[in-house]
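Descriptive analysis of the structure
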2 protein chains.
Amino acid sequence: MTTTFCYQYPHPAVTTDVVLFTILETRLQLLLIRRGGEPFRGEWALPGGFLEIDEDLEHCAKRELSEETGITDVYLEQLYTFGYPDRDPRERVISVTYYALSPPDRMELRAASDADEVRWFPFEEIPRLAFDHNSIVELAHRRLIAKLTYSTIAFQFMPENFTLSELQGVYEILRNEKLDKRNFRKWILALDQIEETGQKRRNGNHRPAMMYRVTNPERVEIIR
Amino acid sequence: MTTTFCYQYPHPAVTTDVVLFTILETRLQLLLIRRGGEPFRGEWALPGGFLEIDEDLEHCAKRELSEETGITDVYLEQLYTFGYPDRDPRERVISVTYYALSPPDRMELRAASDADEVRWFPFEEIPRLAFDHNSIVELAHRRLIAKLTYSTIAFQFMPENFTLSELQGVYEILRNEKLDKRNFRKWILALDQIEETGQKRRNGNHRPAMMYRVTNPERVEIIR
DNA sequence: GCAAAAGTGTTATCCCTACACCCATGA
DNA sequence: TCATGGGTGTAGGGATAACACTTTTGC
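These notes cover the structure that comes with them. (Residues numbered from 1 in each chain as written. Chains lettered and ligands numbered in written order. Predicted model: local features only at pLDDT ≥ 70, side-chain atom pairs only at ≥ 80, totals over all residues. Heavy atoms only, no water.)

Topic: unusual backbone geometry
Most peptide bonds are trans, and most residues other than glycine sit at a negative phi. The linkage connecting Glu38(A) with the following residue, Pro39(A), adopts the cis geometry, with an omega of -5°. Here Pro39(A) is to be found in the loop between β3 (27-35) and β4 (44-45). Even without being a glycine, Glu25(B) presents a positive backbone phi close to 55°. With respect to the helices, strands and loops of the structure, Glu25(B) is situated in the loop between β2 (13-24) and β3 (27-35). A positive phi is found at Asp86(B), a non-glycine position, where the angle reads about 70°. As for its position among the elements, Asp86(B) is in the loop between β6 (75-82) and β7 (93-101). (Helix = DSSP H or I, 4+ residues; strand = E, 2+ residues; numbered from the N terminus.)

Right under this line is the structure:
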């Protein structure tokens, strides 16, 4: 049975695609799926898919991410809408893209839905992707790096409890430079966005580190 | 004759809407049209309309702006995509919104197309708008103000030649505060984005002012 | 006692802010 | 000569950047 939906004027299809970042093995990585259907079958692409007709855009992004990869509860933000003609060989497709950040715990990846395989790729080793997804990744990365400097977005990479050295490590990976330990601590504590948990982590043959948590983990604050 | 376009799955309609700002009579103003068709006939709204099936999104935004208001050659940047269900009573509509900036010259407004009337409104006096257009305006304004502090976006309000006092006036209107003349001049010249034209403007019973132009008027530079 | 990461203050530099007077012109 | 906006420099305060040693633990 094939029902059809008819309109007086031609309508484009609308999809969402998600660039999900995490920090894994001291590198910035992002999640790709191997496409199980045409077009670009067998090629790597961003998780995403078609908007349902009564579904909010953000809901669609989260649903597709969850369906294709099993990942839920990420920080999600709208990135940009790509819509030049012929970006999809099937029909006119407008893609509303999102980028997402997740701590490197809760990661039981499972391929499902349209995805044959799901994998984290280090940002430096991203292959050629289906559609215009390489440009989407580029833009998401620029936005992430820009937001680092004027918001607390990097906290979205942290697990519930973490040490200041771990947090500094995340900033160093993202900014791709060594930071001064004392200056980093002064700066990050002055933001007044993280607090001591009172717990310490002993973690090898050295002094245990004080654990911290984000005071308001739901919010990304604008700083400066 | 009514041709129809049919799809296997339901498709939303896609529109673009544009928030066009200018500075007129020492106030931030934006362009609204009075709707000539249903829904919301007779109410004020943003210029915009349906995407044609082979048309780029940005082209659609510029085309609708031009068709409904006669304005062309503005600085245009994508803002956000609004798409929650029921934001349009007719059918599911995804709106890719843009904001635009224009100098206060070249303004032969003419209502046309779906617009019964076109008018500049001071930002503080915006009426209740059709659809969710008030939230779009709010977001555009926040983005504009934010970009002021880390980019040269304000130059897009300037005509080809201008004095430093005029430029300072634009910043004062946007930031809604008086600025120190000497500090403003030091800062703006240090950006190295404007240059003297060599011309002076004599403009009343006082010393003539040096004219400046934007070195690279096409580009909005990130500063700081 | 040694290896390894945690933790901690001070100084110099740069940038931003505050602030007041003379200049060129037209009437 | 007067009214009007155009044009100019300096000093103080606050934030940022550079920099090295002691502490706590496990083995």
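Now that the structure has been shown, we can carry on.
Observations regarding the side chain of Gln29(B)
Residues and elements named next belong to chain B. Looking at where Gln29 falls in the secondary structure, it is placed in strand β3. Of the polar contacts made by the side chain of Gln29, one reaches the backbone oxygen of Leu24; its length is 3.0 Å. Setting aside its immediate chain neighbours within four residues, Gln29 contacts Leu20, Phe21, Thr22, Leu24, Trp120, Phe121, Pro122 and Phe123. (Polar contact = N/O pair within 3.5 Å; in protein donor to acceptor, adjacent residues only side chain to side chain. Contact = heavy atoms within 4.5 Å.)

Concerning the layout of surface pockets
Of the volumes computed, that of the largest pocket is approximately 1,800 Å³. Every residue lining the largest pocket is counted, 37 residues in all, and those nearest its centre are Arg143(A), Lys147(A), Tyr150(A), Arg143(B) and Tyr150(B). Of all the secondary-structure elements, those providing two or more residues to the lining of the largest pocket are β6 (75-82) and α2 (133-150) of chain A together with β6 and α2 (133-150) of chain B. The biggest single contributor to the lining of the largest pocket is α2(B), with nine residues. In terms of residue class, the lining of the largest pocket is made up of 19 nonpolar, six polar and 12 charged. (1 Å grid on protein atoms, 1.4 Å probe; cavity = no way out; pocket = protein on both sides within 12 Å on 5 of 7 lines; lining within 4 Å. Points joined across faces, edges and corners; volume = space filled by probe spheres on them. Nonpolar A, V, L, I, M, F, W, Y, C, P; charged D, E, K, R; others polar.)

Section: the sheet that holds strand β11 (residues 209-214) of chain B
Paired through their backbone hydrogen bonds, the strands of a sheet run either parallel or antiparallel. All names here are of chain B. The strand order across the open sheet built from three strands is β9-β11-β10, with neighbouring strands paired in antiparallel fashion. Of all the strands in the sheet, the pair left with one neighbour each is β9 (162-163) and β10 (194-201). Where β10 and β11 come together, five bridges link them in antiparallel fashion. Paired with Lys200 across the bridge in β11 is Met210. (Pairing = 2+ DSSP bridges.)

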